[in-house]
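As a plain string of letters, each chain reads:
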Amino acid sequence: WRRTTAACRATGGGTDLLRAERSTCLRTVDVLHALAGFPAQQHRCRATTRRTTTTTTTTTPITPTTTPTSSGGTLGNPVLVAIMICMNPQYQALGQRAGALYGSEVATRGAARARGLTGRCLATLAPTASELTAIRRFARSSETLAADVVRIIRVTEGKEPSSAFNQARTDGDVRRFETSALAVLDSHGRQTLSACPHT
């Protein structure tokens, strides 16, 4: 990741377009780095949750579908909830980085169009309208899921009523996040620079 970041920084910043491209490159690395760390962190959190649930006793019964809160209410699947809480730092970081990436992509497209670039050249140096839509969807779903985790934590701490948590809504947010993340990861990226012989 350090080499990739260094390559982004080497882009330079002599023009608005180059500065925007450098920013987008750095923000893309941030997002990919965060996503790449998710599986390993999920594994660690899952292992920690299993140890906790097998060694900790409680006077409040825990069923496969509910987990107690300090306010006396219940949340959804206790293992899933515990894993999401454990991964809160990752969700918050990704929510911020995804939003920053979208902002950089918007700036890059604006700078490219300001230079008068069109057609294949514009698609080479900046995201297309459909790509921007996918990135915006990813950013929003990341931010929404991060907010869901904060809400879960506040409910378990008794700072919000259990009614503030909606299992179906959270499940839907997770699915939208996964779908939007895959869409961004599966994008084919820019075309070759030969489309812009004059740049």
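It should be noted that the structure appears before, not after, this text.
Residue indices follow the written sequence of each chain, beginning from 1 at its first position. A pLDDT threshold of at least 70 governs which residues receive local features in this predicted model, and a stricter bar of 80 or more applies before side-chain atom pairs are shown or counted, although totals over entire chains, interfaces and linings include all residues. Only hydrogens and water are set aside; all other atoms, that is, all heavy atoms of the structure, feed into the side-chain values.

A. Examining the state of the cysteines more closely. The term disulfide is used for any two cysteine sulfur atoms that are within 2.5 Å. Inspection of the entire model under this criterion finds 2 disulfides. Each sulfur in the disulfide pair Cys8 and Cys25 lies 1.9 Å from the other. Residues Cys8 and Cys25 are joined by a disulfide whose S-S torsion is about -60 degrees; by sign, that bridge is left-handed. Here Cys8 is found in helix H1 (residues 2-9), whereas its partner Cys25 is found in helix H2 (residues 16-55), with 17 residues between them in sequence. Since its relative accessible area comes to 1%, Cys8 is described here as buried. Using a 1.4 Å probe on the protein chains alone, a residue whose accessible area is under 20% of its type maximum counts as buried, one over 50% counts as exposed, and one in between counts as partly exposed. Given a relative accessible area of 28%, Cys25 falls into the partly exposed group. Here Cys45 connects covalently by a disulfide to Cys86, the sulfurs 2.1 Å from one another. Looking along the S-S bond of the Cys45-Cys86 disulfide, the torsion reads about -75 degrees, which is the left-handed sense. Residue Cys45 is found in helix H2, and its partner Cys86 is found in helix H3 (residues 78-86); the two are separated by 41 residues along the sequence. Classification of Cys45 by relative accessible area gives buried; the value is 0%. A helix here means a DSSP run of H or I that spans at least four residues, while a strand means a run of E at least two residues long, and both kinds are numbered starting from the N terminus.

Keep in mind these values describe shape, not function.
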